[in-house]
Structure formats: C-alpha cells, structure tokens
Amino acid sequence: MDHAVDAANLGVAAAGDLSLWGLFMQASIVVKFVMIGLIGSSIGVWAIVFSKIVTMRRIERQATVFEDKFWSGGNLDDLYESEGAKPTHPLAAVFGAAMGEWRRSARIPGIDLVHGGVQERVDRAMNITITREMDRLERWMIFLATVGPVAPFIGLFGTVWGIMHSFSSIAAMHNTNLSVVAPGISEALFATAIGLATAIPAVIAYNVLNNSLARFQDRLDGFGTEFAAILSRQSEERA
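Residues numbered from 1 in each chain as written. Predicted model: local features only at pLDDT ≥ 70, side-chain atom pairs only at ≥ 80, totals over all residues. Heavy atoms only, no water.

Caption draft 1: Layout of helix H4 (residues 76-84). For H4, every residue scored as buried is listed here: Leu 76, Leu 79, Tyr 80, Glu 83 and Gly 84. The arc that holds every buried residue of H4, seen down its axis, measures 105 degrees, which confines them to one face. The exposed residues of H4 that point more than 90 degrees off its buried face are Asp 78 and Ser 82. In this structure Asn 75 caps H4, since a side-chain oxygen of it lies 2.7 Å from the backbone nitrogen of Asp 77. (Buried < 20%, exposed > 50% of the residue type's maximum accessible area, 1.4 Å probe, protein only. Helix = DSSP H or I, 4+ residues; strand = E, 2+ residues; numbered from the N terminus. Arc of directions from axis to C-beta. Polar contact = N/O pair within 3.5 Å; in protein donor to acceptor, adjacent residues only side chain to side chain.)

Structure follows, in structure tokens:
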C-alpha cells in the first residue's frame, strides 16, 4: 500500500513539473536563454508579418487608386503636382521621379527631347526609385529568412543541452526512475517545440510576403515601362 501511495505522489509531482511554466522554470540556465531567445524571435516574426501585411494592403490600394487617376486621361502635370511632387506611396514615387526628370529636361533651352539623352535619364530615375522603394519594402525580410532555417537548430541545441543535463541528474542520483528522467527530457523537447513554432511561421510568411513583393515590383516595372513609352511619345510630338 505504501509503495502505491509513493508511486501516486511521484506521478502527481511529475505531472506538475511537466506544465509549460514548470518546464521553463526547471530548465537549466542555458536552456532558459534558448527558450527566451526563441520566444523573442517568434514575437519579432509575428510583428514583421502583421506590419508587412498592413503595408502591402495599403500600398496595393493606393496604387490602384493612383492608376485609376493616371489612366483617366487627366493632365499629367496636374497629377504630378497633386501626387508626384510629394509621393506617399511607391507608384506615385516612380511617377514623380520620371515626370520630374522629364519636366526639368524640357525646361532646358534648345534641348532635343528625342536625342538629347532625356529618355535614358528618365529610365534611370525610375529604375533607381523602384530599387529604393523595394529596398524599403523588403526591410526586415532578411530576419524572416534567417529565423526560418536557424530557429530549429537553436531549439535542437537546447534539446541536446537539456538531455545532457538530464543524464547528469541521472548519474548524480543513481536513479533511472521516470520521475527523474522525464523533467529533463521534457524541457529538452520543449526547446525543440518552441524552435519549430518559431521557424514554421517564419518560413511560410517569408515565402508568401516574398511572392507579394515580387508581384508588386513587377507592377512597378510595368507601370514604369508604360509611362516611359508615354513620355517618349510626347517627346517626339514636341520635337
């Protein structure tokens, strides 16, 4: 009967130690640092994901509104004054860079808008602007690209360390009872679980956001090509 009671008490103790908070508190200092680092990385991943989602939806909506104005047949100079001079989104910035360069070139006395290198300067201004805007949009993407493949290995390091700590406890106590082995093994596996919970969303988010950014860059490139053709045609009409 006494042995049965002791076994029951051990089971209760082990169950209490295997709670998530218990696993963290009983972990060695190294494993605690691993867990804290992974949890911090996970928070950073989700913060970046939500920020990028909000940003992408906003600039896509702004780009659609701007394209509607652009293709409505209105005066480009008026559009430049209202949208391009002080752009608030990437597509307006591309338009403003090209239109600004073309207007400055058109003011040069005796300039040949067709053969005077104007088109090359306009193209260069748009390409530089697209690159700058995409660099700004892709900020922190490297964090997602790094956390995705690295987090599982950091969690694995915590797992290995936890198992080593568990074996040390077994050797010190000369006891292979499950109540001695389980806490160390559980905290080790908990570190791996946190690593996977951090890495999986980071990988998925990186792939999804990277695809969205690539499509938006194609949209900027397409607009730049069409606008360059319009400016080239207007240059020929003025020549």
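Caption draft 2: Highlighting unusual backbone geometry. One non-glycine residue, Trp 140, lies in the positive phi region at around 75 degrees. The class of Trp 140 is exposed, set by a relative accessible area of 55%.

Caption draft 3: View of the environment of Trp 161. Mapped onto the fold, Trp 161 is located in helix H7 (residues 141-173). Residue classification places Trp 161 among the partly exposed residues on the basis of a relative accessible area of 35%. A C-alpha to C-alpha distance of 8.6 Å links Trp 161 and Ser 28, two positions 133 residues apart in sequence. What Trp 161 contacts, discounting residues up to four positions off in sequence, is Ser 28, Val 30 and Val 31. (Contact = heavy atoms within 4.5 Å.)

Caption draft 4: Broad picture of the environment of Phe 95. You can see Phe 95 is positioned in helix H5 (residues 90-106). The buried category is assigned to Phe 95, whose relative accessible area is 0%. The contacts of Phe 95, once residues within four sequence positions are left out, are Phe 66, Phe 70, Leu 76, Leu 79, Tyr 80, Gly 84, Phe 223 and Phe 227.

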